[in-house]
Amino acid sequence: MKKIIFTGGGSAGHVTPNLALIPKLKERGWHVHYIGSKTGIEKEIIERAGIPYSGIASGKLRRYFDWKNFKDPFRVVKGVMEASWIIRKQKPDVIFSKGGFVSVPVVIGGWLNKVPVYLHESDITPGLANRIAIKFASKIFVTFEEAKRHLPADKTIFAGAPIREELLQGSKEKGLRFLGFTFRKPVITVMGGSLGAVRINEAVRELLPKLLPNYQVVHLCGKGNLDPALEGTSGYRQFEYVSEELPDLLAATDFVISRAGSNAIFEFLTMHKPMVLIPLSRAQSRGDQILNAQAFEKKGYCHVLQEEGLTPAALAAAIQEVAENKQRYLQNMKQYSGEDTLKQILSYLEKA
Ligand SMILES: CC(=O)N[C@H]1[C@@H](OP(=O)(O)OP(=O)(O)OC[C@H]2O[C@@H](n3ccc(=O)[nH]c3=O)[C@H](O)[C@@H]2O)O[C@H](CO)[C@@H](O)[C@@H]1O
């Protein structure tokens, strides 16, 4: 039996692509084990999916690379030791890492134990953890063709975004029923990334009185961001985070207002949901979402609104633009096919 260890965490975007591959490998008889942090979002998501999970010590995921950021080097060393112990016990044929800080000790542990390490990079420019991990990896799969120029040519493979198959199997009827919505008004889903986005939440909530006469709104607002004053508002539902319900909820969605996290936007693209994207600004990130949004805008998949220009009025104008040109966006999205992504990654894993 072939064995694989997955790692990745810190945000849902570093976990959900793994969930696209895991069922496919299990179907093929692989044994799957997951290494994540002791308390991160990955623990919750992976354990809920019934996948054997080991938590290790890890440092914090920090945005900018700076050796000073290793405030707690002992935890990283401890993480490498813990990961190595699990790797020696599991004896995997390959390790697959989606990034996030917890993945660094696992990748180093794999390299020390001579297990091939494959990375997946979702953004055009590699994140901090993957920039460290590159040296220890034998293959790097990328979501965007443009990412290749930032990575070593000899080990980088353009593969695309692994999408969870169940996302394509949602039911609009079930979604509307779950939300308590009608067929009569279009549904807008607001997703501020896996953690929510306070600025987007505020702008959407300010605009609600103008939106609700024409639309129904599902608001995925992130942990701790529910607004009790809006509970029970007709045509508006808010959730901190949804899991099992996401496929039906997205099937019921006409278009989305979202951050430009790579996984979320490829999911919307695959599901043909026109988007208003509000990328995280350079002040708050390395600018990866700005590049993601630009790449999608160039292909005609989305309308981009910069965070600096995010006012309720600008949001209303962006929604109107997408609503009026929905057919054009859908036409462009239909040109996209991500169907070879899983096949391609799986074929490399089979050869590991
Ligand atoms: C703040 C930050 O640093 N964000 C980064 C993080 O985004 P983040 O973790 O937000 O990841 P993405 O937007 O790429 O993906 C979010 C994932 O969470 C899922 N989801 C979300 C809400 C919900 O209620 N239920 C649910 O299942 C989505 O379906 C998707 O699979 O990783 C991405 C991929 O490296 C980067 O592009 C982002 O810039």
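This text goes with the structure placed above it.
Think of each chain on its own: its residues are numbered from 1, step by step along the sequence as written. Per-residue local features are limited, in this predicted model, to residues with pLDDT of at least 70; the limit for side-chain atom pairs, both in listing and counting, is 80 or more; totals at the level of whole chains, interfaces and linings are taken over all residues. The basis for every side-chain value is the complete set of non-hydrogen atoms in the structure, without hydrogens or water.

J.: Got a sec to walk through unusual backbone geometry? Specific residues and values, please.
T.: A positive phi angle is found at K114, which is not glycine, with a value near 60 degrees. Position of K114 among the secondary structure elements: in the loop between α4 (103–112) and β5 (117–121). On the accessibility criterion, K114 (74% relative accessible area) is exposed. The phi angle at H272 is positive, at roughly 60 degrees, despite the residue not being glycine. Summarising the element assignment, H272 is placed in the loop between α9 (262–270) and β12 (275–277). Only DSSP runs of H or I with at least four residues qualify as helices, and only runs of E with at least two residues qualify as strands; both kinds are numbered from the N terminus onward. Under the scheme applied here, a residue whose accessible area is under 20% of the maximum for its type counts as buried, over 50% as exposed, and between as partly exposed, the area being computed with a 1.4 Å probe on protein chains only.

J.: Can you tell me about the pairing of strand β4 (residues 94–97), naming the residues and giving the values?
T.: The alternating pattern of β4 places V94 and F96 on one face and I95 and S97 on the opposite face, and all of these are buried. Whether two strands pair depends on DSSP finding at least two bridges between them. When strand β1 (residues 3–7) meets β4, the two strands line up parallel, connected through four bridges. What sits directly across from T7, in β4, is S97. Note that β4 and β5 share three bridges and pair parallel. If you follow I95 over to β5, its bridge partner there is V117. Viewed with both strands pointing away, a crossover whose connecting path from the first strand over the helix to the second turns clockwise is right-handed. Assessed by its sense of winding, the connection that carries the chain from β4 through α4 to β5 is right-handed.

J.: Account for the sheet that holds strand β7 (residues 156–158), with residues named and values stated.
T.: Strand order in this open sheet of seven strands is β3-β2-β1-β4-β5-β6-β7, and the pairing throughout is parallel. Either end of the sheet is taken by a strand with one partner, and the two such strands are β3 (53–56) and β7. Looking at each pair of strands side by side, their axes are set apart by 25 degrees on average, direction ignored. Strands in contact with helix α1 (residues 16–27) are β1, β2 (31–37) and β4; relative to β1, the strand with the most contacts, it is inclined by about 170 degrees. Axes here mean lines fitted to C-alpha atoms, for a helix over just the part in contact, with angles spanning 0 to 180 degrees between N-to-C directions. Whether two residues are in contact is decided by their heavy atoms: any pair within 4.5 Å suffices.

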